[in-house]
Amino acid sequence: MHPVPYPKVVLTKDQKVYLDIKIDSKRVRVFNGNKFHLELNPNRFPIHERVNQANILAAQVYNKLLSGYSPFQSPNKHDIHRKTDIEIIKLALIKKIK
């Protein structure tokens, strides 16, 4: 297992912030938490708060990476192992109607 690097907060010339992370020898730029299923977008905040919000996003992304989450693996929409019986029946009904 490779060590997980802490995301670096970068401020661009036009005052946008992003996280620069190297995951599995690939450079990843994260402008918001969407890839990690996080509800945080630092660039929607006023300019003077963006770096602070990006640091919060960096901490949350780092925790996800430590727990083994990979942004390169797309989640399966119909992962039955994580659904309740009612959700499975609803999915089957929707598929049957189509």
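Check the entry above for the structure.
So, here's what we can say about the structure. (Residues numbered from 1 in each chain as written. Predicted model: local features only at pLDDT ≥ 70, side-chain atom pairs only at ≥ 80, totals over all residues. Heavy atoms only, no water.)

**Digging into unusual backbone geometry**
Most peptide bonds are trans, and most residues other than glycine sit at a negative phi. The criterion, for reference: Comment: elements are numbered from the N terminus, with helices defined as DSSP H or I runs of at least four residues and strands as E runs of at least two. Buried residues are those whose accessible area, probed at 1.4 Å on protein chains only, stays under 20% of the maximum for their type, while exposed residues exceed 50% and partly exposed ones sit between those limits.
Even without being glycine, Gln15 reaches a positive phi, approximately 65 degrees. Tracing the sequence through the fold places Gln15 in the loop between strand 1 (8-11) and strand 2 (17-23). Gln15 sits in the partly exposed class, given a relative accessible area of 31%.

**As for the environment of Asn43**
Here is the rule: Throughout, a residue-residue contact means that at least one pair of heavy atoms, one from each residue, lies within 4.5 Å. Contacts described as polar in this section are N or O atom pairs within 3.5 Å, which, within protein, must combine one atom able to donate a hydrogen with one able to accept it, while residues neighboring in sequence count only if both atoms come from side chains.
Here Asn43 shows up in the loop between strand 3 (26-30) and helix 1 (50-66). Here Asn43 falls in the buried class, since its relative accessible area comes to 14%. Spatially, the C-alpha atoms of Asn43 and Ala54 are 8.4 Å apart, while their sequence positions differ by 11 residues. Those residues within four positions of Asn43 in sequence are excluded, and the remaining contacts are Gln15, Lys16, Val17, Phe31 and Arg50. In terms of polar contacts, Asn43 uses its side chain to reach the backbone amide nitrogen of Val17, at 2.8 Å.

**Description of the nonpolar core**
The test is simple: Here, nonpolar core refers to any group of buried Ala, Val, Leu, Ile, Met, Phe, Trp, Tyr and Cys residues whose side-chain atoms link them within 4.5 Å.
Core analysis: the biggest nonpolar cluster contains 12 residues, these being Leu19, Ile21, Ile23, Val28, Val30, Phe36, Leu38, Leu40, Leu57, Ala58, Val61 and Leu65. Contributing elements (two or more residues each) for this core: strand 2, strand 3 and helix 1. No other element matches the four residues that helix 1 contributes to this core. Sequence-distant contacts of Val61, defined by excluding residues within four places in its chain, comprise Pro7, Leu19, Ile21, Phe36 and Leu38.

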